[in-house]
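Okay, here's what each chain looks like letter by letter:
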Amino acid sequence: MTDTCSVTAPQGFRAQGVAAGIKSTGNRDLALVVNEGPHPVSAGVFTSNRVVAAPVTLTRAHLSRATLRAIVLNSGGANACTGQPGAEDAHTTASYVGQVLGLDPTEVGVCSTGMIGTRLPMEALIAGIDTAAATLESSAEAGFNAADAIRTTDTVAKTYEYLDPAGWSIGGMAKGAGMLAPGLATMLCVLTTDAILPAESATEILAEAVRTTFNRTDSDGCMSTNDSVILLASGASGVRVDAGVFTESLRDACGALAKQLIADAEGASHDIEIVVTNASDEKAGEAVARAVARSNLFKTAVFGNDPNWGRILSEVGTVPVDVAPYDPDHVNVSINGVMVCRGGGLGEPRELVDMTGRDVRIVIDLGAGNTEVTLWTNDLTHDYVHENSAYSS
């Protein structure tokens, strides 16, 4: 257990996580988050994968028609690539939650995570909804239970809470340890706040917070079919917050959860922060950072504590000049504070670099402008290969 409230930290929310029997392990596998506030607002961003899960399709449609008052999430099955039967299962789930809570089905969002290509055990899922709805609480324990219930290969639950001195707060929970690559979102996440938010700008606020956090979390370059980030505002604090102020606080929340995802990435032994400085613009900096983050040669070098800066520089060179203009002879690369590459050539001796700790910081100075971009990734290990080679067996 933990004292962290997660999604129940803000006023106006109740939640619960239960073991419905979707997972064969008997662990918690179904979560319910309910917004009971006086000024409900909702927003969502989702995967851009063209192969998209039924729950994402349904929740997108509901968001376009109504304000979400409840989110039901399950682990143990993605309900992706399940055809019309899967779509009907998602609709049945939303309808049943609506029936139990006295909501219209369009006020319910559905999120699923787990194996692609398998139907959900609907009888167990429906029973789990009954149990969760009957035990909804605003307690820290209930918030933790909900965060715990959405884990798949995650070793720990990811939670967040922030109380602003002005009297409003943000809570959050997320899951994700693999298939972490951006496409508007990178995993399942529910964010809650008791601030009063304008409905017309909620999606824009959420998208901006996600853009520089979850969208710059790139563990393995693999995009899920189910990625969803949902924001629910209750307005229960009675405090109206400036949009700019709230955006930055929400960005902090998303960033904290994104770093928790990287810290728990499948099999990882190093958390890697890639900072591109002096880029011509944000697009250029992000393209360079992502090219390095997705290099298996680079990631395996970090796993071996090898400051092989040549693997970094060669990936920088793969980015087209029209995307990231820079002079290769002006590029500097530092690893954990040691400039191992200076002016596109030899820098300080690589033997000075200590990579034995968990954290690795790569700084790539392009010398082409004044924009800085940060992206988070992790190393590639034997354990990652083992875990994903045996995932469905």
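What you see is a predicted model, and the numbers here were worked out from it, not measured in a lab.

A. Spotlight on the state of the cysteines. Applying the stated criterion across every chain, the model contains zero disulfides. Residue Cys111 stays outside any disulfide, its sulfur separated by 9.6 Å from that of Cys189, the closest cysteine.

B. Quick peek at helix H3 (residues 122-134). With 13 residues, H3 ought to run about 18 Å at 1.5 Å a step, and its terminal C-alpha atoms sit 18 Å apart, in line with that. By the burial criterion, the buried members of H3 are Met122, Ala124, Leu125, Ile126, Gly128, Ile129, Ala132 and Ala133. Looking at the packing, one finds that the buried side of H3 touches strand S1 (13-18), strand S2 (30-35), strand S4 (70-75) and helix H2 (83-101).

C. Representation of the sheet that holds S4. Strand order in this open sheet of four strands is S1-S2-S4-S5, and the pairing throughout is mixed. Edge positions in the sheet fall to S1 and strand S5 (108-113), since each of these pairs with one other strand and no more. Ignoring strand direction, the axes of neighbouring strands in this sheet form an average angle of 10°. Examined bridge by bridge, S2 and S4 share five bridges and lie antiparallel to one another.

D. Molecular detail of helix H6 (residues 243-263). Here H6 spans 30 Å end to end across 21 residues, near enough to the 30 Å set by a 1.5 Å rise per residue. Among all positions in H6, only Phe246, Thr247, Ser249, Leu250, Arg251, Ala253, Cys254, Gly255, Leu257, Ala258, Leu261 and Ile262 are buried. In this structure Asp242 caps H6, since a side-chain oxygen of it lies 2.9 Å from the backbone nitrogen of Gly244.

E. Quick peek at empty space enclosed by the protein. Under the criterion given, the structure shown has two cavities of 30 Å³ or more. Size it by volume and the largest cavity reaches roughly 50 Å³. At the level of elements, S4, H2 and S5 are the ones that each hand at least two residues to the lining of the largest cavity. By volume, the second largest cavity amounts to about 40 Å³. As for the second largest cavity, its lining consists of Phe298, Ala301, Val302, Asp306, Pro307, Asn308, Ile312, Ile335, Met355 and Ile362. Looking at the lining of the second largest cavity residue by residue, the class counts come to eight nonpolar, one polar and one charged.

F. Spatial organisation of unusual backbone geometry. Residues other than glycine seldom take positive phi values, yet Cys81 does so here, at roughly 60°. Relative to the helices and strands, Cys81 is located in the loop between S4 and H2. Unlike most non-glycine residues, Asn278 shows phi in positive territory, near 55°. Among the structural elements, Asn278 can be located in strand S10 (residues 271-279).

G. A look at the sheet that holds strand S13 (residues 345-346). On the basis of which strands lie adjacent, the open sheet formed by six strands has the order S13-S12-S11-S14-S10-S15 and mixed pairing. In this open sheet, the two strands that pair with only one neighbour each are S13 and strand S15 (371-378). The pairing of strand S11 (residues 332-335) with strand S12 (residues 338-342) spans three bridges and is classified as antiparallel. From the neighbouring strand, Ser334 faces S12, where its bridge partner is Met339.

H. How the structure looks around the nonpolar core. Judged by nonpolar contacts, the single largest core of 31 residues is most densely connected at Ile274, Ile312, Ile335, Ile362, Ile364 and Leu366. Of all the secondary-structure elements, those providing two or more residues to this core are S10, helix H7 (282-293), helix H8 (296-303), helix H9 (309-316), S11, S12 and strand S14 (359-365). It is H7 that contributes the most residues to this core, six residues altogether. Once residues within four sequence positions are removed from consideration, Ile335 is found in contact with Pro307, Trp309, Ile312, Val340, Val353, Met355, Val360, Arg361 and Ile362.

I. Region of interest: the pattern of salt bridges. Inspection of the entire model under this criterion finds 18 salt bridges. Of the charged contacts, one joins Arg211 and Glu282 as a salt bridge, the two residues approaching to 2.4 Å between their closest N and O atoms. Here Arg211, found in helix H5 (residues 202-211), pairs with Glu282, found in helix H7; they are 71 residues apart in sequence, far enough to count as distant. Since its relative accessible area comes to 30%, Glu282 is described here as partly exposed.

The rules behind these values
- Once a new chain begins, its residue numbering starts again from 1 and follows that chain's sequence as written.
- Residue-level local features of this predicted model are given only where pLDDT is at least 70; pairs of side-chain atoms are given and counted only at 80 or more, and the full residue set underlies all totals for whole chains, interfaces and linings.
- Only hydrogens and water are set aside; all other atoms, that is, all heavy atoms of the structure, feed into the side-chain values.
- Any two cysteine sulfur atoms lying within 2.5 Å of each other are counted as a disulfide.
- To qualify as a helix, a DSSP run of H or I must reach at least 4 residues; to qualify as a strand, a run of E must reach at least 2; elements of each kind are numbered from the N terminus.
- Any helix carries an expected span of 1.5 Å times its number of residues minus one.
- The cut-offs for exposure are 20% and 50% of the maximum accessible area for each residue type, with area from a 1.4 Å probe on protein chains only; residues under the lower value are buried, those over the upper are exposed, and the others partly exposed.
- Pairs of residues are marked as contacts when any of their non-hydrogen atoms sit within 4.5 Å.
- Think of it this way: DSSP has to see at least two bridges between two strands before they count as a pair.
- A fitted line through C-alpha atoms represents every axis, and for helices the fit uses only the stretch in contact; the resulting angles, taken between N-to-C directions, go from 0 to 180 degrees.
- Any pair of nitrogen or oxygen atoms within 3.5 Å is treated as a polar contact; in protein, a donor-acceptor pairing is required on top of that, and neighbouring residues in sequence qualify only through side-chain atoms on both sides.
- Using a 1 Å grid laid over the protein atoms alone, points where a 1.4 Å probe fits but cannot get out form a cavity; open sets with protein on both sides within 12 Å along at least 5 of 7 lines form a pocket; any residue with an atom within 4 Å of a point counts as lining.
- Grid points are joined across faces, edges and corners, and a volume is the space filled by probe spheres set on the points.
- Only Asp, Glu, Lys and Arg are considered charged, only Ala, Val, Leu, Ile, Met, Phe, Trp, Tyr, Cys and Pro nonpolar, and every remaining residue, Gly among them, polar.
- Here the nonpolar core consists of buried residues drawn from Ala, Val, Leu, Ile, Met, Phe, Trp, Tyr and Cys, with membership extended through side-chain atoms lying within 4.5 Å.
- Whenever a carboxyl oxygen of Asp or Glu lies within 4 Å of a side-chain nitrogen of Lys or Arg, that contact is scored as a salt bridge.

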